[in-house]
Amino acid sequence: MGARTLVAGIAAGALVVGAGVWYFALRRDGGPLSGNVLGDAVCLSVGETADATIGNLPLTNTGSDPITITAVSLTGPDGVDNDGALLVPEGANSSSGSKTGWAFGNGPFDGENGTPTLAVGAQLAKSAGAKLVVHVHRPDPLGEARLTGIRIEYRSGLRHYAREMGPRHTLRPGRCS
């Protein structure tokens with residue numbers, strides 16, 4: 001009977017650990033971060049400029065706990081790299097959306113006096129909002145580049161979430177039709 005009790009205890013412990021990992025650590029789609037969903041399409045005629053600003057994607061924390069952004073990545077990137085993301089406070093002067101070139105220069109990105117802050121590690125309080133902008137870079141400024149959206153990974157309380165948003169973008173060295 002001692003061996004059966006030991007095996008049953010180990011099995012029960014493994015179930016508790018597995019349930020804890022599933023509940024607290026796995027990323028779930030959606031969650032309390034709201035923003036625009038994937039859809040629409042944007043074409044930017046960027047000429048030979050290697051950099052572009054993708055944004056302003058409105059984000060709002062609809063949950064009861066603060067949100068901490070843990071990662072921002074491009075979905076479906078083709079010929080384009082993510083060079084960083086910023087959160088622009090609501091009401092702050094920000095670029096009017098996706099455009100040629102990087103709209104925010106070299107900083108500072110400390111969130112002081114309405115300036116943007118680095119998105120990864122930033123927090124959104126309950127009911128707070130901000131706009132996400134992403135700096136993208138085309139390694140080949142003469143080539144066309146595409147991305148299908150932006151993926152934001154974040155934590156709210158003890159749970160981890162992921163949300164994909166933003167319109168598809170095409171960055172063309174020539175004219176968009």
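Anything mentioned here points back to the structure above.
A few points on the structure. (Residues numbered from 1 in each chain as written. Predicted model: local features only at pLDDT ≥ 70, side-chain atom pairs only at ≥ 80, totals over all residues. Heavy atoms only, no water.)

On a plain count of helices and strands, the protein comes out with 1 helix and 14 strands. Counting over 177 residues, the protein shows a buried share of 36%. Taking contacts inside the protein between residues at least 6 apart in sequence as the whole, the part at least 24 apart equals 83%. (Helix = DSSP H or I, 4+ residues; strand = E, 2+ residues; numbered from the N terminus. Buried < 20%, exposed > 50% of the residue type's maximum accessible area, 1.4 Å probe, protein only. Contact = heavy atoms within 4.5 Å.)

To continue, consider the nonpolar core. Residues Leu132, Val134, Val136, Ile150 and Ile152 are the most contacted members of the largest nonpolar core, which totals 29 residues. Of all the secondary structure elements, the ones that give two or more residues to this core are β4 (51–61), β5 (67–75), β6 (81–89), β10 (129–137), β11 (145–147), β12 (149–156) and β13 (159–165). In this view, Ile150 contacts Ile54, Leu57, Val72, Ser73, Leu74, Thr75, Leu132, Val134, Arg163, Glu164 and Met165; residues no more than four positions away in its chain are not counted. Ranked by size, the runner-up nonpolar core spans 5 residues in total, among them Leu86, Val88, Trp102 and Phe104. (Core = buried A, V, L, I, M, F, W, Y, C linked by side-chain atoms within 4.5 Å.)

Strand order across the open sheet formed by 3 strands is β3-β14-β11, with mixed pairing between neighbours. The open sheet has two edge strands with one neighbour each: β3 (41–45) and β11. For this sheet, the mean inter-axis angle between neighbouring strands, taken without regard to orientation, is 15°. (Pairing = 2+ DSSP bridges. Axes fitted to C-alpha atoms, helices over the stretch in contact; angles between N-to-C directions.)

Before going further, it helps to spend a moment on the pattern of salt bridges. Side-chain pairs of opposite charge can arise whenever the charged atoms involved come near each other. Scanning the model with the defined rule gives 4 salt bridges in all. Among the ionic pairs, Arg172 bridges to Glu144, the shortest N-O distance being 2.7 Å. Of this pair, Arg172 sits in strand β14 (residues 168–172) while Glu144 is found in the loop between β10 and β11, placing the two residues 28 residues apart along the sequence. The class for Arg172 is partly exposed, based on a relative accessible area of 24%. On the accessibility criterion, Glu144 (32% relative accessible area) is partly exposed. Measuring nitrogen to oxygen at the nearest pair gives 3.2 Å for the salt bridge that ties Glu153 to Arg151. Given a relative accessible area of 22%, Arg151 falls into the partly exposed group. (Salt bridge = Lys/Arg side-chain N within 4 Å of Asp/Glu carboxyl O.)

Of note, Ala41 is situated in strand β3. C-alpha of Ala41 to C-alpha of Thr170: the two residues are 129 residues apart in sequence and 7.9 Å apart in space. Beyond its immediate stretch of four places on either side in the chain, Ala41 contacts Pro167 and Arg168.

Right, let's talk about the packing of aromatic side chains for a bit. The tally for this structure, following the rule as stated, stands at 2 aromatic pairs. Centroid distance Tyr154 to Tyr161: 5.4 Å. Interplanar angle 20°. Geometry classified as stacked. This pair shows no difference in class: Tyr154 is buried, exactly as Tyr161 is. (Phe/Tyr/Trp six-rings, centres within 6.5 Å; stacked < 30°, edge-to-face > 60°.)

Relative to the assigned elements, Gln123 resides in strand β9 (residues 123–124). For Gln123, a relative accessible area of 56% gives the class exposed. Along the chain, Gln123 and Asn61 lie 62 residues apart, while their C-alpha atoms are 9.6 Å from each other. Setting aside its immediate chain neighbours within four residues, Gln123 contacts Pro66, Ile67 and Thr68. For Gln123, the side chain forms a polar contact with the side chain of Thr68, separated by 3.1 Å. (Polar contact = N/O pair within 3.5 Å; in protein donor to acceptor, adjacent residues only side chain to side chain.)

What follows concerns the pairing of β14. Of the pairings in the sheet, the one linking β3 to β14 comprises 5 bridges and is parallel in character. For Ala41, the partnering residue across the bridge sits in β14 and is Arg168. Bridge analysis of β11 against β14 gives 3 bridges, and the strand direction is antiparallel. If you follow Arg146 over to β14, its bridge partner there is Thr170.

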